[in-house]
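Listed below are the residues making up each chain.
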Amino acid sequence: MAIVKICGLSTPETLAAAIAAGADMAGFVFFEKSPRHIDLAVAHVLGLMAAGRIRKVALTVDAGDDMLAEIVAELEPELLQLHGAESPARVAAVKERFGLPVIKAIGVATPEDMAGAARYAGIADIILYDAKPAPGASVPGGAGVSFDWRLLQGLDPNGGWMLSGGLDPDTVAEALRRTRAPGVDVSSGVERERGVKDAAKIENFVKAARSL
C-alpha cells in the first residue's frame, strides 16, 4: 500500500482531516515565498496535535542549520524534506547534524533530471520526484502540474521514492497504477484555492490512493 503524504497543511482543521483520512505523513512548509508557509508558533501547535497520530515532515528550501534547528525544536518532525538546490553533500550533512531521515525533492522534466537524481541514491532516505518548476518560478513546487511519468520506468516499486506533481483525487489512482510508486505526495491537488486545503478533497485523495 502506497504511503500518502499531504503537504502544505497550515491549520488544525486540515491537519485533523489528514489524520482522520488515514494519511501517513503531514507536510509543513517553512518557506516564506510559499502560500503554505507557517511560522514557528503555528508549527508548535500543529506539531503537538500531530504527535503520535501522523508522521510530521518539515519542508524547507535551502535552509541553514540555524533555521533547521529552530524548526526541529518547535515541530519535532520525524522527517526533513529538502526542496531546494541542496547538494548530496548538504543532504548528508543535514542527516548527520539532526539525526533525522531526509526526503530530497527533485524537479523532473527530462531524462537528464532523472540522472541527476541518481546522485542522491544512498544519501537521501526518500527521493521525491516532482514536476520541475517553470524558469523564474518563485517556489520550487506546489504548482499543480505533472511531468511525464514514463521517466520513472525502471525504478524499484519497493524503493525509497515518492511521486508528486499534479496529483489530485481524480488522478492519483491512475498515477499509482502506471508508476507503481511506493508513495505519493499532494499539495495543490487538495486545495479549494491556492494555499487553502479542502478537507473533503483530502479525504477523497486518500481514499483514491488506497483503492488499489
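Refer to the structure above for everything that follows.
This part is about the pairing of strand 6 (residues 126–131). Counting buried residues along strand 6, 6 of its 6 residues qualify, which places the element largely inside the surrounding structure. Where strand 5 (residues 102–108) and strand 6 come together, 6 bridges link them in parallel fashion. Each residue of the ladder has a partner; that of Ile106, found in strand 6, is Tyr129. As paired strands, strand 6 and strand 7 (residues 161–163) are joined by 3 bridges and run parallel to one another. Counted as the bridge partner of Leu128 is Met162 from strand 7.

Running from N to C, helix 3 (residues 65–75) and helix 4 (residues 88–98) point in directions that differ by 45°, and their axes come no closer than 12 Å. Here helix 4 runs oblique to helix 3, going by the angle between their axes. In this structure, helix 3 meets helix 4 at a crossing whose hand is right-handed. Note on element contacts: helix 4 touches helix 3 through Arg90, Val94, Arg97 and Phe98, opposite Asp65, Leu68, Ala69 and Val72.

Right, let's talk about unusual backbone geometry for a bit. Unusually for a residue other than glycine, Glu76 sits at a positive phi of about 55°. Note that Glu76 resides in the loop between helix 3 and strand 4 (79–82). One non-glycine residue, Arg180, lies in the positive phi region at around 55°.

What follows is about the nonpolar core. The tendency in soluble globular proteins is for nonpolar side chains to be buried side by side. Core analysis: the largest hydrophobic core is formed by 57 residues, its most contacted members being Ile6, Leu15, Phe28, Tyr129, Phe147 and Phe205. It is helix 7 (residues 199–209) that contributes the most residues to this core, 5 residues altogether. With near-sequence residues (within four places) excluded, Tyr129 lies in contact with Ile106, Val108, Met114, Ala117, Phe147, Leu152, Leu155, Trp161, Met162, Leu163 and Ser164. Of all hydrophobic cores here, the second largest spans 8 residues; its members include Met25, Ala105, Ile126 and Leu128.

Of all the 6 residues making up strand 3 (residues 55–60), 5 are buried; the element is thus mostly covered by neighbouring parts of the structure. For strand 2 (residues 25–30) and strand 3, the ladder comprises 6 bridges, and the chain directions are parallel. By the bridge assignment, Gly27 is partnered in strand 3 with Val57. Between the parallel pair strand 2 and strand 3, the chain is carried across by helix 2 (residues 40–50), and the sense of this crossover is right-handed. Bridge analysis of strand 3 against strand 4 gives 4 bridges, and the strand direction is parallel. Within strand 4, the residue paired with Leu59 across the bridge is Gln81. The handedness of the strand 3 to strand 4 crossover, carried by helix 3, is right-handed.

How each quantity is defined
Residues numbered from 1 in each chain as written. Predicted model: local features only at pLDDT ≥ 70, side-chain atom pairs only at ≥ 80, totals over all residues. Heavy atoms only, no water. Buried < 20%, exposed > 50% of the residue type's maximum accessible area, 1.4 Å probe, protein only. Helix = DSSP H or I, 4+ residues; strand = E, 2+ residues; numbered from the N terminus. Pairing = 2+ DSSP bridges. Axes fitted to C-alpha atoms, helices over the stretch in contact; angles between N-to-C directions. Parallel < 35°, antiparallel > 145°, perpendicular 65-115°, else oblique. Left-handed = near helix turned anticlockwise from the far one by under 90°. Contact = heavy atoms within 4.5 Å. Core = buried A, V, L, I, M, F, W, Y, C linked by side-chain atoms within 4.5 Å. Right-handed = clockwise from strand over helix to strand, strands pointing away.

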